[in-house]
Amino acid sequence: MSQSMTVPAVRARKASSGTGGKGAGGERVGAEPLVMVTAYDTPTARIADRAGVDLILVGDSVAMVVLGHDDTLQVTIEDMVHHTGAVARARTRAMVIADLPWLSYHVSAHETVHNAGRLLRAGARAVKLEGGRKRVPMVSALVDAEIPVMGHVGLTPQSVNVTGGYRVQARDPEAAQAVVDDAVALAAAGCFAIVIESVPDSVARAVTEAVPVPTIGIGAGPACDGQVLVLHDLLGLDGGAAPSFVRRYAQLEADAVAAVTAYAADVRGRRFPSEAETHHLLEDASGRPAQPSGASGGATRISSPRTGAGDRRAS
Ligand code: KIV
């Protein structure tokens, strides 16, 4: 089995730290792009790890994807600790990064470090937080406490009440420059990688060229040093509501509905359970199964001449 992913190994995947930055057509070349997906529990973490991803993000998107909330503001540090623990118990080779939820890093550096520490004790190896230059003091406090931090710029869903929705960000030159400046400040403060969400491809390219750490894009085009998708979106487990930048690699929701429909039809048609799916009592010496002996004092008694009642299938 290959080695666990580490922060230095992630840093080394900066494209320009490979064979020199750009190919003949101006495309970014060098280190292999980083692959990140979200996971929120042990089975989804196991799936991601068996598929060989580099990074597993316990995203605060758990609020919308798994818990049925309308935005990510509804999850607490307790929720994130709970889900991070479930992901960590899959004991993945991929590095587990946990989102600091809204309000867990906005009040003070002391609270930020304390909350990030809870995520690390639950099994994360790094944390992610949203926002640009105004987060620099919190990033510095985390780095001082030996807690690796991933930044997140562009569309920052925890700001939905300020931005008014989940729209593509940085479409004019001033806003685009602000995203670049934010990313540069985060990298200078010590972030080991930066997520760029929902910005034009040229903005993501400018950020990627401006910072010395890997960028990981979502809805940010191909120029980033890696890509991230919400696992449920790429698996088609999203209720049909995936954004336009998502590529679906499976239709698991449709497959699951078909499977449960088939089960329901088998139960209603008395085709489930079959003989092989049924437990039986132990057989007696003559090979006869023990039989219920009939009602006695209101209760049915089960007798077996040799061993008494028992079950020949352990599970
Ligand atoms: O919470 C999340 O899933 C995220 C990704 C969109 C990067 O932050």
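Engineer: In this structure, what is going on with the side chain of D54? I would like to understand it.
Structural biologist: Tracing the sequence through the fold places D54 in the loop between α2 (42-50) and β2 (55-58). Separated by 3.0 Å, the side chains of D54 and R13 make a polar contact. A polar contact is formed between the side chain of D54 and the backbone nitrogen of V35, at a distance of 2.9 Å. D54 has contacts with M5, R13, P33, L34, V35, R93, A94 and M95, leaving out every residue within four places of it along the chain.

Engineer: Could you clarify how one ought to interpret the environment of R91 in this entry?
Structural biologist: Residue position: R91 is located in the loop between α4 (77-88) and β3 (95-99). For R91, a relative accessible area of 67% puts it in the exposed group. The sequence separation of R91 and R46 amounts to 45 residues, and the corresponding C-alpha distance is 8.1 Å. Within the structure, R91 has its side chain in polar contact with the backbone oxygen of R89 (distance 3.2 Å).

Engineer: Looking at this model, I keep getting lost on the packing of helix α8 (residues 173-189) against helix α9 (residues 201-210). Mind explaining?
Structural biologist: Geometry of a packed helix pair, given as the angle between the helix axes and the separation of the axes. In contact at an axis separation of 9 Å, α8 and α9 are set at 30 degrees when each is read in the N-to-C sense. Comparing their axes, α9 and α8 come out roughly parallel. Judged by the twist between their axes, the crossing of α8 over α9 is right-handed. On the side of α8, the interface is formed by A176, V179, V180, A183 and V184, while α9 contributes V203, A206, V207 and A210.

Engineer: Is there a simple way to think about the site of the ligand in this case?
Structural biologist: Taken together, the neighbourhood of the ligand is formed by T38, L57, G59, D60, S61, D99, K128, H152, E197, I218 and V230. One of the side-chain nitrogen or oxygen atoms of S61 is found 2.5 Å away from an oxygen atom of the ligand. Taking K128, its side chain carries an N or O atom lying 2.9 Å from an oxygen atom of the ligand. For the ligand, the accessible surface in isolation is 260 Å², of which the surrounding protein chains cover 95%. For the shell around the ligand, the per-class residue count stands at 3 nonpolar, 4 polar and 4 charged.

Engineer: What am I meant to see in the pairing of β2 here?
Structural biologist: The two faces of β2 match: L55 and L57 on one face and I56 and V58 on the other face are all buried. One ladder, built from 3 bridges, connects strand β1 (residues 34-38) with β2; its direction is parallel. When the sheet's bridge partners are listed, V37 is paired in β2 with I56. Between the parallel elements β1 and β2, the chain passes through α2 in a crossover that is right-handed. Bridge count between β2 and β3: 4 bridges; the pairing is parallel. Across the sheet, I56 pairs through a bridge with V96, a residue of β3.

About the criteria used
- Residues numbered from 1 in each chain as written.
- Predicted model: local features only at pLDDT ≥ 70, side-chain atom pairs only at ≥ 80, totals over all residues.
- Heavy atoms only, no water.
- Helix = DSSP H or I, 4+ residues; strand = E, 2+ residues; numbered from the N terminus.
- Polar contact = N/O pair within 3.5 Å; in protein donor to acceptor, adjacent residues only side chain to side chain.
- Contact = heavy atoms within 4.5 Å.
- Buried < 20%, exposed > 50% of the residue type's maximum accessible area, 1.4 Å probe, protein only.
- Axes fitted to C-alpha atoms, helices over the stretch in contact; angles between N-to-C directions.
- Parallel < 35°, antiparallel > 145°, perpendicular 65-115°, else oblique.
- Left-handed = near helix turned anticlockwise from the far one by under 90°.
- Near = heavy atom within 4 Å.
- Areas by Shrake-Rupley, 256 points an atom, 1.4 Å probe, with all protein chains shown as cover.
- Nonpolar A, V, L, I, M, F, W, Y, C, P; charged D, E, K, R; others polar.
- Pairing = 2+ DSSP bridges.
- Right-handed = clockwise from strand over helix to strand, strands pointing away.

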